[in-house]
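What the coordinates show
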Amino acid sequence: MLAGLAWYARRLWREVRRREAFSRDEVVRANRNCVDSLEAIANAMVGGQVDPVEGALRCRVLLDIIDTRLVQKESLQVFATVQERAAHLKTHQARHDLSPRQRYREDRARQAIADEYAGSLERGALALSTLCHEWRQRGVFDQDFAALAFDSPKQ
């Protein structure tokens, strides 16, 4: 009976280790996907292929998914600032439900934010692109992104 219990305990221990490894792999995969998306959005922002405010909002969401401390980095703070300034603007279905006049007013407000932060957004997008490239080069998808961002010699 004791041998049976030992076998069962060992089996359970292996299952726990397997699940922990799977969980780590999922975190790495999710972080890699977020970094890929961040880099693509940042590059699109620099290339003028995406609305700067929309790009900033998307970057903020992805940065928060990876590590909420990342927007504390000086070069990335603009994403938090723009998100705060644009928080009142409607998105998705709520935007679709606006009247044409209301949508026009929101578009003007969005453009004013984009104009006000144009330089900062471009610098932030460049810094973010560089940071994503560095993370990829270092293969750090399972580590503390914020610590690496603040300790980065290139930033």
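All of these numbers come straight from a predicted model, not from anything done at the bench. (Residues numbered from 1 in each chain as written. Predicted model: local features only at pLDDT ≥ 70, side-chain atom pairs only at ≥ 80, totals over all residues. Heavy atoms only, no water.)

1. A look at the overall build of the chain
Here is the rule we go by: Helix and strand assignments come from DSSP, with helices taken as H or I runs of at least 4 residues and strands as E runs of at least 2, each series counted from the N terminus. We compute the radius of gyration over the C-alpha atoms and compare it with the globule rule, which gives 2.2 Å times the number of residues raised to the power 0.38. Here, residues are in contact when the closest pair of their heavy atoms is within 4.5 Å. Residue-level accessible areas treat just the shown protein chains as cover; the underlying method is Shrake-Rupley with a 1.4 Å probe. Charged-residue counts in this description rest on Lys and Arg as positive and Asp and Glu as negative, His and the chain ends being excluded. Lys charges are placed at NZ, Arg charges at CZ, Asp charges at CG and Glu charges at CD.
Scanning the chain from terminus to terminus reveals 7 helices and 0 strands. Reading the helices (α) and strands (β) of the chain from amino to carboxyl end gives α-α-α-α-α-α-α. Taking 2.2 N^0.38 as the reference for a compact globule, 155 residues should give roughly 15 Å; the C-alpha atoms of the chain span a radius of gyration of 21 Å, well beyond that estimate. The principal-axis extents of the C-alpha atoms in the chain amount to approximately 80 × 45 × 25 Å. A fraction of 66% describes how many contacts in the chain between residues 6 or more apart in sequence connect residues 24 or more apart. Accessible area for the chain stands at about 10000 Å²; split by element, carbon and sulfur atoms hold 52% of it. Counting 25 positive and 22 negative side-chain charges, the chain places the centres of these two groups 5 Å from one another.

2. Focus on the confidence of the model for the chain
Stated precisely, the cut-off is as follows: A score from 0 to 100, pLDDT tells how confident the predictor is in each residue.
Predicted confidence across the chain gives a mean pLDDT of 90, with 92% of residues reaching 70 or more. Least confident of the elements in the chain is helix α7 (residues 145-151), whose mean pLDDT is 68; most confident is helix α3 (residues 77-85), at 97.

3. Focus: the nonpolar core
Short version of the rule: Residues grouped as a nonpolar core are buried Ala, Val, Leu, Ile, Met, Phe, Trp, Tyr and Cys residues, joined through side-chain atoms within 4.5 Å. Any residue under 20% of the maximum accessible area for its type is buried, any over 50% is exposed, and the rest in between are partly exposed; the area is computed with a 1.4 Å probe on protein chains only.
Core analysis: the largest hydrophobic core is formed by 34 residues, its most contacted members being Leu38, Leu63, Phe79, Val82, Leu121 and Leu128. Sorting the residues of this core by element identifies α1 (2-46), α2 (52-66), α3, α5 (100-116) and α6 (118-138) as the ones contributing at least two each.

4. Remarks on the environment of Gly119
Within the element layout of this structure, Gly119 appears in helix α6. We classify Gly119 as partly exposed; its relative accessible area is 35%. In this structure, the C-alpha to C-alpha distance between Gly119 and Val78, residues 41 residues apart in sequence, is 10.0 Å.

5. Quick word on the state of the cysteines
Working definition of a disulfide: a covalent bond connecting the sulfur atoms of two cysteines. Note the threshold: Here, a disulfide means two cysteine sulfur atoms that sit within 2.5 Å of each other.
With the rule as written, the count across this model stands at 0 disulfides. Of the cysteine sulfurs around Cys59, a residue in no disulfide, the closest is that of Cys132, at 8.0 Å. Looking at Cys132, the relative accessible area reads 0%, which means it is buried.

6. Here we look at the environment of Arg69
Locating Arg69 in the fold gives a position in the loop between α2 and α3. Residues Arg69 and Ala56, spaced 13 residues apart in sequence, show a C-alpha to C-alpha distance of 16 Å.

7. Let's talk about a nonpolar patch on the surface
Rules: Patch membership requires over 30% relative accessible area and the absence of a salt bridge. Like charges are linked within 9 Å, and nonpolar side chains (Val, Leu, Ile, Met, Phe, Trp, Tyr) within 5 Å. Salt bridge criterion: a side-chain nitrogen from Lys or Arg within 4 Å of a carboxyl oxygen from Asp or Glu.
On the surface, Met1, Leu2 and Leu5 cluster together into a nonpolar patch covering about 430 Å² of accessible area. By the element assignment, Met1 lies in the segment before α1.

8. Let's talk about α1
The α-helix winds at 3.6 residues per turn, so residues separated by three or four positions along the chain end up facing the same way. The condition that has to hold: To estimate the expected span of a helix, subtract one from its residue number and multiply by 1.5 Å.
Here α1 contains 45 residues, and its C-alpha end-to-end distance of 66 Å stays within 8% of the 66 Å for a straight helix at 1.5 Å per residue. Residues Val28, Asn31, Cys34, Val35, Leu38, Glu39, Ile41, Ala42, Ala44 and Met45 constitute the buried set of α1. Phi for Gly48, located one or two positions after α1, is positive at around 70°.

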